[in-house]
Amino acid sequence: MTIPTRQQLARARVLVVGDAMLDRYWHGAVDRISPEAPVPVVKVNRDEERFGGAANVAFNVTTLGAKASFLGVVGDDEPGRRLEELLRGTGIATHLKRDPALRTTVKLRVIGRHQQLLRMDFESEPDHEALASQTQAFAQLAPAHDAVLFSDYGKGGLAHIPAMIESARRRGQAVLIDPKGADYARYAGATVITPNRAELQQVVGTWQGDGDLRERAQRLREALRLEALLVTLGEDGMTLFDAGGEVHVQAQAREVFDVTGAGDTVIATLAALVAAGLPLREAMPLANKAGGIVVGKFGTATVSYEELFGSIG
């Protein structure tokens, strides 16, 4: 297995484009049930903020040791300003387009006794003008990067993705996409897309056994003109389908604490390694290992170079 050096990763440049989110956590004690309704009363004693959505993907890239730039659209509001402040504090090259009519996406999770009791989402979709300015910024930023990663959370921030894919591929850049929804035609021409089991079933239907999955996956890959299709299968690991056939790796055996953001870590690791020069087939087992590490942590989390390569090196 090829292990990139810290220096190789430090030179790798990934442009992350997608739906920016701010994750907020309210932690507290649960000692009684409300007299107003049969729900627990959480006495909040600590709050926490983390990157969410595509912002978390960019943070995963930098935590591993590569360089990340982040391009997205946020509202002209407190969460948008706070997200930009957090991003800049990590060294991520931040390029946020502001839409005054947009409500920056916030996911607020209420945690009691180390369990998530409630999640509240605050969101809206960006307007055409903000997305047009994002596309213009992409044309200026993308050439300085080794790989482009689109993180689609279905919040409307990637409405112009086909044109961005085309321009990146024309320059010979690797394009990696974490997809959303049932319309994968908009991802045509990418290098690789990374749906999970449920996401792929939305597009190709339910398969019966490995042979059926292989046939459906390869048919989709060819129809979309992809170099590869990486299907993440949770506890069953992941399978990469390409022109040479397929490669499967088993999930890393460990206790699963929280699957939040695991897909972010997988594609961020894959993009950082591809940007550092690794072929997809060599990068995929390492991305699988990174996903296995992060599910043992609470909330949206990341993986360091030491965690990923320590036991290998």
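Look above for the structure.
Here the structure is a predicted model, which means the values were calculated and not measured.

Attention shifts here to the side chain of Asp99. As for its position among the elements, Asp99 is in strand β5 (residues 93-99). Buried and unpaired, Asp99 has Arg98 as its nearest opposite-charge partner, separated by 10 Å. If sequence neighbours within four positions are ignored, Asp99 has contacts with Val73, Val74, Gly75, Asp76, Glu125, Pro126, Asp127 and Ala130.

With that settled, the discussion passes to the pairing of strand β12 (residues 238-242). Of all five residues that make up β12, five are buried, and the element is covered over most of its length. Burial along β12 is two-sided: Met238, Leu240 and Asp242 and Thr239 and Phe241, pointing in opposite directions, are all buried. Sheet analysis places strand β11 (residues 228-232) next to β12, joined by five bridges and oriented antiparallel. Residue pairing in the sheet places Thr232 in a bridge with Met238 of β12. Between the antiparallel neighbours β11 and β12 lie five residues, among them Gly234 with a positive phi of about 60 degrees. In this structure, β12 lies alongside strand β13 (residues 245-249), joined through five bridges in antiparallel fashion. Residue pairing for β13: Phe241 is matched across the bridge by Glu246.

Each pocket or cavity is described by its volume, and for the second largest pocket that value is around 160 Å³. What lines the second largest pocket is simply Arg197, Trp207, Asp210, Leu213, Leu233, Asp236, Thr239, Phe241, Glu246 and His248. Contributing elements (two or more residues each) for the lining of the second largest pocket: α7 (209-223), β12 and β13. Taken together, the residues of the lining of the second largest pocket break down into four nonpolar, two polar and four charged.

Further remarks concern unusual backbone geometry. Positioned with a positive phi, Arg113 is a non-glycine residue whose angle comes to about 55 degrees. With respect to the helices and strands, Arg113 occurs in the loop between β6 (105-112) and β7 (115-122). Unusually for a residue other than glycine, Arg225 sits at a positive phi of about 60 degrees. Positionally, Arg225 belongs in the loop between α7 and β11.

Quick look at the sheet that holds strand β9 (residues 174-178) now. Strand order in the open sheet formed by nine strands is β5-β4-β1-β8-β9-β10-β11-β12-β13, and the pairing between neighbours is mixed. This sheet does not close on itself; its edge strands, each paired only once, are β5 and β13. Each of β1 (13-18), β4 (67-75), β5 and β8 (147-151) is contacted by helix α4 (residues 128-141), which is oriented at about 165 degrees to β4, the strand it contacts most. Sheet strands touched by helix α5 (residues 161-170): β8 and β9. Its angle to β9, the strand with the most contacts, is close to 150 degrees.

Turning to empty space enclosed by the protein, a few remarks are in order. Evaluated as defined, the whole model comprises one cavity of 30 Å³ or more. Looking at the largest cavity, its volume works out to about 90 Å³. If you go around the largest cavity, the residues you meet are Asp19, Ala20, Val73, Leu102, Arg103, Thr104, Thr105, Ser124, Pro126, Lys155 and Gly157. Looking at side-chain class alone, the lining of the largest cavity contains four nonpolar, four polar and three charged residues.

Calculation notes
Residues numbered from 1 in each chain as written. Predicted model: local features only at pLDDT ≥ 70, side-chain atom pairs only at ≥ 80, totals over all residues. Heavy atoms only, no water. Helix = DSSP H or I, 4+ residues; strand = E, 2+ residues; numbered from the N terminus. Buried < 20%, exposed > 50% of the residue type's maximum accessible area, 1.4 Å probe, protein only. Lys, Arg positive; Asp, Glu negative; His and termini not counted. Salt bridge = Lys/Arg side-chain N within 4 Å of Asp/Glu carboxyl O. Contact = heavy atoms within 4.5 Å. Pairing = 2+ DSSP bridges. 1 Å grid on protein atoms, 1.4 Å probe; cavity = no way out; pocket = protein on both sides within 12 Å on 5 of 7 lines; lining within 4 Å. Points joined across faces, edges and corners; volume = space filled by probe spheres on them. Nonpolar A, V, L, I, M, F, W, Y, C, P; charged D, E, K, R; others polar. Axes fitted to C-alpha atoms, helices over the stretch in contact; angles between N-to-C directions.

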